[in-house]
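Structure assessment
Here's the letter readout for the chains.
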Amino acid sequence: MHGPSPGKEDTGNRLHHARHRPWLGLWAPKTDARLPLTHRDAVRNDGRDRILIAQVPEAR
C-alpha cells in the first residue's frame, strides 16, 4: 500500500493522492457532523472517519 498510513498526514504529494484515492465520509443530516466508523479494522480508512471508495491506478 502506498501513501500515508491511516491516521498519518501525507506530507509529500497530497494533491496527487487525493486525485487517485477518493475518500468518502458520511454525515449526520441533523447535526452536520461526520458519522464515526465503528469497525475501522474492517475497511480501509484514513483515520478521520472516511473510507476509501476506489483506487485508480496511475499510468506511467
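See the structure shown above.
In what follows, the accompanying structure is described. (Residues numbered from 1 in each chain as written. Predicted model: local features only at pLDDT ≥ 70, side-chain atom pairs only at ≥ 80, totals over all residues. Heavy atoms only, no water.)

Structural notes on the overall build of the protein
- Regarding its fold elements, the protein presents one helix and two strands.
- For the protein, the proportion of its 60 residues judged to be buried stands at 15%.
- At a minimum sequence separation of 6, the contacts of the protein that also span at least 24 residues come to 45%. (Helix = DSSP H or I, 4+ residues; strand = E, 2+ residues; numbered from the N terminus. Buried < 20%, exposed > 50% of the residue type's maximum accessible area, 1.4 Å probe, protein only. Contact = heavy atoms within 4.5 Å.)

As for the environment of Val43
- For Val43, the location among the structural elements is in the loop between β1 (23-24) and β2 (51-52).
- Distance from Val43 to Ile53, taken between C-alpha atoms, is 9.7 Å for residues 10 residues apart in sequence.

Topic: the side chain of Asp46
- Relative to the assigned elements, Asp46 resides in the loop between β1 and β2.
- For Asp46, a relative accessible area of 12% translates into the label buried.

A few points about the pattern of salt bridges
- A full pass over the atoms with the stated rule returns two salt bridges.
- In this structure, Asp49 engages Arg40 in a salt bridge whose closest nitrogen and oxygen atoms are separated by 2.5 Å.
- Accessibility expressed as a relative area gives 17% for Asp49, which makes it buried.
- Here Arg50 makes a salt bridge to Asp46, at a shortest N to O gap of 2.5 Å. (Salt bridge = Lys/Arg side-chain N within 4 Å of Asp/Glu carboxyl O.)

Concerning a nonpolar patch on the surface
- A cluster of nonpolar side chains, namely Leu24, Leu26, Leu35 and Ile53, defines an oily patch on the protein surface of about 350 Å² accessible area.
- Its location among the elements puts Ile53 in the segment after β2. (Patch = residues over 30% accessible without salt bridge, like charges linked within 9 Å, V, L, I, M, F, W, Y side chains within 5 Å. Areas by Shrake-Rupley, 256 points an atom, 1.4 Å probe, with all protein chains shown as cover.)

Such coordinate-based values are descriptive only and should not be taken to indicate function.
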